[in-house]
Amino acid sequence: MGELKHRSLATVQHRLRDQVAHQLRAALIAGELRPGTVYSAPGLAADFGVSATPVREAMLDLAREGLVEPVRNKGFRITEVSERDLDQYTEIRALIEVPVVGRVTRTATRAQLEALRPIALEIVDAAAAHDLVGYLEADRRFHLELLGLNGNDRLVETVSDLRKRSRLYGLTWLDEHDQLLPSAEEHVELLDVMLAGDVEAAEACMTRHLGHVRSLWAQGREEAARVP
């Protein structure tokens, strides 16, 4: 019984670490954690209402992803992402996601595509409700589940990693100025043209969506940088 209890406790701790890591990623993307700033595990733990251990473990996970870097005896510094980095991440995503969307349009069943509609609508609802965490989570699920219909797990992992690294600094500013809703609605538009079987329109929509997202990043980062 002792071993079973230990295993159960370890599972709970692992899940807590994953939950904290997810919330930290959301805070990074939303711009709540600022690039170049050092944050301590105890300080963040107080914000989350947990002990410092799962926060420290989650930060080490983020460090392996290149999102933060350890600072000896101080905590973790949020790494900065340059405009060049964002351009390159966007280019790689387009090279992967545009042709895959075309392929999925040809091969996916109507039922498989319709199963994504609740997520697409969830993205729109979250944007309209100014729910950034909900928006980010629904957007992640939509894109990764859509790509998953292609049947290549490694491809999905690659795009997931690119999404983590291309953090949307300034997203809070965009939300406050109602700039997110048009991008959110593009998910529904994409799904509709895919359901119509229009491969060319689906690829064009995905290309436009990724370009739109990149322009929003640039605008949001520029405006956020002006805030004293």
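Residues numbered from 1 in each chain as written. Predicted model: local features only at pLDDT ≥ 70, side-chain atom pairs only at ≥ 80, totals over all residues. Heavy atoms only, no water.

All right, on to the overall build of the protein chain then. Counting its regular elements, the protein chain contains 11 helices and three strands. Counting from the amino terminus, the protein chain carries its helices and strands in the arrangement α-β-α-α-β-β-α-α-α-α-α-α-α-α. The 228 residues of the protein chain split such that 46% are buried. Counted over contacts in the protein chain with a minimum sequence separation of 6, partners at least 24 positions apart contribute 74%. Surface summary for the protein chain: the accessible area is close to 11,800 Å², and the carbon and sulfur share equals 52%. (Helix = DSSP H or I, 4+ residues; strand = E, 2+ residues; numbered from the N terminus. Buried < 20%, exposed > 50% of the residue type's maximum accessible area, 1.4 Å probe, protein only. Contact = heavy atoms within 4.5 Å. Areas by Shrake-Rupley, 256 points an atom, 1.4 Å probe, with all protein chains shown as cover.)

Right, let's get into the packing of helix 2 (residues 41-48) against helix 3 (residues 52-64). As a packed pair, helix 2 and helix 3 sit with axes 8 Å apart at the nearest point and diverge in direction by 115 degrees. One finds that helix 2 runs roughly perpendicular with respect to helix 3. Here the hand of the crossing between helix 2 and helix 3 comes out right-handed. Residue-level contacts link Ala41, Pro42, Leu44, Ala45 and Phe48 of helix 2 to Ala52, Val55, Arg56 and Met59 of helix 3. Here the residues of the contact of helix 2 with helix 3 sort into eight nonpolar, no polar and one charged. (Axes fitted to C-alpha atoms, helices over the stretch in contact; angles between N-to-C directions. Parallel < 35°, antiparallel > 145°, perpendicular 65-115°, else oblique. Left-handed = near helix turned anticlockwise from the far one by under 90°. Nonpolar A, V, L, I, M, F, W, Y, C, P; charged D, E, K, R; others polar.)

Along a regular strand, successive side chains alternate from one face of the sheet to the other. Two elements, strand 1 (residues 38-39) and strand 3 (residues 75-78), share two bridges in a ladder whose sense is antiparallel. By the bridge assignment, Val38 is partnered in strand 3 with Arg77. Two strands pair when backbone bridges link them, and strand 2 (residues 68-71) and strand 3 are joined in this way by four bridges, in the antiparallel orientation. The partner of Val68 across the bridge, within strand 3, is Ile78. The turn linking strand 2 back onto strand 3 is made up of three residues, and Asn73 within it adopts a positive phi angle of 65 degrees. (Pairing = 2+ DSSP bridges.)

Looking now at the sheet that holds strand 2. On the basis of which strands lie adjacent, the open sheet formed by three strands has the order 1-3-2 and antiparallel pairing. In this open sheet, the two strands that pair with only one neighbour each are strand 1 and strand 2. Running at roughly 120 degrees to strand 2, helix 3 makes contact with strand 2 and strand 3 of the sheet.

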